[in-house]
Amino acid sequence: MSIEPRLLEALSAVQDPELRRPITELGMVESAVLENGTARVKILLTIAGCPLRSTIENDATAALATLPEVGSVELELGVMGPEQRAALRESLKGRAVPFGDPSSLTRVIGIASGKGGVGKSSLTANLACAMAADGLRVGLIDADVHGFSIPGLLGIPGAKPTRVDDMILPPVAHGVKVISIGMFVDDNKPVIWRGPMLHRALEQFLTDVHFGDLDVLLLDLPPGTGDIAISVSQLLPGSELVVLTTPQAAAAQVAERAGAIAVQTGQKVVGVIENMSWLQLPDGSTMELFGSGGGRQLSERLTATLGAEVPLLGQVPLDPLLRAGGDAGLPLVLSHPGSPAAAQITAIARSLSHRPRGLAGMKLSVSPG
Ligand SMILES: Nc1ncnc2c1ncn2[C@@H]1O[C@H](COP(=O)(O)OP(=O)(O)OP(=O)(O)O)[C@@H](O)[C@H]1O
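Basis of the calculations
Residues numbered from 1 in each chain as written. Predicted model: local features only at pLDDT ≥ 70, side-chain atom pairs only at ≥ 80, totals over all residues. Helix = DSSP H or I, 4+ residues; strand = E, 2+ residues; numbered from the N terminus. Expected span 1.5 Å × (residues − 1). Contact = placed C-beta atoms within 7 Å. Domains from an automatic or database assignment. Nonpolar A, V, L, I, M, F, W, Y, C, P; charged D, E, K, R; others polar. UniProt positions renumbered as here; feature names shortened; annotations may be inferred. Buried ≥ 20, exposed ≤ 12 C-beta atoms within 10 Å, placed from the backbone. Near = placed C-beta within 6 Å. Pairing = 2+ DSSP bridges. Axes fitted to C-alpha atoms, helices over the stretch in contact; angles between N-to-C directions. Parallel < 35°, antiparallel > 145°, perpendicular 65-115°, else oblique. Left-handed = near helix turned anticlockwise from the far one by under 90°.

### Regarding helix H2 (residues 53–65)
Point 1. The end-to-end C-alpha distance of H2 is 18 Å, a good match for the 18 Å that 13 residues give at a rise of 1.5 Å each.
Point 2. Buried residues belonging to H2 abut helix H1 (5–11), strand E2 (38–45) and strand E3 (72–79).

Printed below as a string of structure tokens:
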């Protein structure tokens, strides 16, 4: 089938919403001809019943209509055959370096907490959206296997990943590629997996899920020091940790254990975040609902235990809008970017993503000149 270069050029502006690459590079444009001002184009979807077919349809029609010589568009949607899908898989596989590879440029950051309910999932969802809003390519793995909540917090509670044969394409929410155990279990059933199964599930997320090239991959870890924390350190030896606490001394003590695990795993703890630091009252005064000092205390203790500076990255105040944003699936950093809590989270996201990558322990491919 023939392809008119001008039409192909216009279609190169259309991205596959899940693969986030131009459809022209993915072998999805089967034919594109111009006859008497009518652009007749056939696009092949990766799978039948592609959930995003109307997005592709609308984007392609709009892109073609930008050409002055195109008066009308006739778009036909087909489905890739096994050979075309195999070629697509191959071309995608060759691109992204696995995250565990020492030469990977993706910064992998696990968000850990001592106990549940301190806001780890809410902050992880907000951090991911803040980074994506800054133009970074962000992936988020909800590894909080027993308390997965990320899909709901990002407004895609029932989303299922698209499968192209044995490759899994993560749904995208607010520019973040998201994968969660919750997407692989029925409805709200509890996950009763133990060590080896959890390890296998995480391994599958890291190998079979096609995230493409990412700047940052965030992992929402289960609270505490369980099996998943060990698996993460084994599967992603270069990954870093951020530890979350509330200002309460008792919470900081529990969180210290989650951070001190890095002594055994050899991971770097890049900082502490204090959440629920205070509540601003209508008269402008602040109320320290959970006491104060937990974040500072945790940062000092981890610095002493690990023998390396573990800074307090920021303090996020309590904000009812943050809770409401989670319920509505629209994180606070997007719904109310100017609020004090959102400003703190965005500043923390920037300090995490803008730090130069440490080169210690990394192979440098430099040859003497
Ligand atoms: N800064 C904040 N202001 C207001 N509400 C918050 C804040 N941080 C978290 N919350 C709320 O606190 C509750 C617990 O948060 P979240 O589920 O994110 O915690 P978690 O640490 O991930 O818990 P678990 O590990 O048990 O899933 C949620 O209702 C969330 O909306």
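### A closer look at the domain arrangement of the protein
Point 1. Each domain of the protein was delimited in the assignment, giving domain 1 (5–93) and domain 2 (107–354).
Point 2. Summarising the inter-unit geometry, the C-alpha centres of domain 1 and domain 2 are found 36 Å apart.
Point 3. Here the residues of the side of domain 1 that touches domain 2 are counted per class, giving seven nonpolar, one polar and four charged.

### Topic: the UniProt feature "binding site: ATP" (unreviewed entry) in the protein
Point 1. Here, the residues flagged by UniProt with the feature "binding site: ATP" (unreviewed entry) are Gly 114, Lys 115, Gly 116, Gly 117, Val 118, Gly 119, Lys 120 and Ser 121.
Point 2. Given 12 C-beta atoms within a 10 Å radius, Gly 117 is considered exposed.
Point 3. Structurally, Gly 119 can be placed in the loop between strand E4 (107–113) and helix H4 (120–133).
Point 4. Leaving out residues up to four positions away in the same chain, Gly 119 has contacts with Leu 244, Asn 275 and Met 276.

### A closer look at the site of the ligand
Point 1. Lining the immediate environment of the ligand, one finds 21 residues, of which Gly 116, Gly 119, Lys 120, Ser 121 and Ser 122 sit closest.
Point 2. At the level of secondary structure, the elements contributing two or more residues to the shell around the ligand comprise H4, strand E12 (268–280), strand E14 (312–318) and helix H10 (320–328).
Point 3. Across the shell around the ligand, the residue classes tally to seven nonpolar, ten polar and four charged.

### Focus: the pairing of strand E10 (residues 216–220)
Point 1. Taking burial as the measure, the five residues of E10 include five buried ones, the bulk of the element.
Point 2. Here E10 shows a buried face lined by Val 216, Leu 218 and Asp 220 and a second buried face lined by Leu 217 and Leu 219.
Point 3. Of the pairings in the sheet, the one linking E4 to E10 comprises five bridges and is parallel in character. Among the inter-strand pairings, Val 108 is bridged to a residue of E10, identified as Leu 217.
Point 4. Pairing between strand E5 (residues 138–142) and E10: five bridges, direction parallel. Bridge pairing links Leu 140 to Leu 218 in E10.

### Comments concerning the environment of Gly 81
Point 1. By secondary structure assignment, the location of Gly 81 is in the loop between E3 and helix H3 (82–93).
Point 2. When the C-alpha atoms of Gly 81 and Gly 175 are compared, they prove to be 29 Å apart, with 94 residues separating the residues in sequence.

### Notes on the packing of helix H8 (residues 249–265) against helix H9 (residues 294–306)
Point 1. It is at 9 Å that the axes of H8 and H9 come closest, and there the two elements cross at 30 degrees. Taken together, the axis directions place H8 and H9 in an arrangement best described as roughly parallel. Here H8 runs over H9; the crossing is right-handed. Every residue of H9 that contacts H8 at Ala 249, Ala 251, Ala 252, Ala 255, Glu 256, Gly 259, Ala 260, Ala 262 and Val 263 is listed here: Gly 294, Gln 297, Leu 298, Arg 301, Leu 302, Thr 305 and Leu 306.
Point 2. Its residues placed into classes, the contact of H8 with H9 shows ten nonpolar, four polar and two charged.

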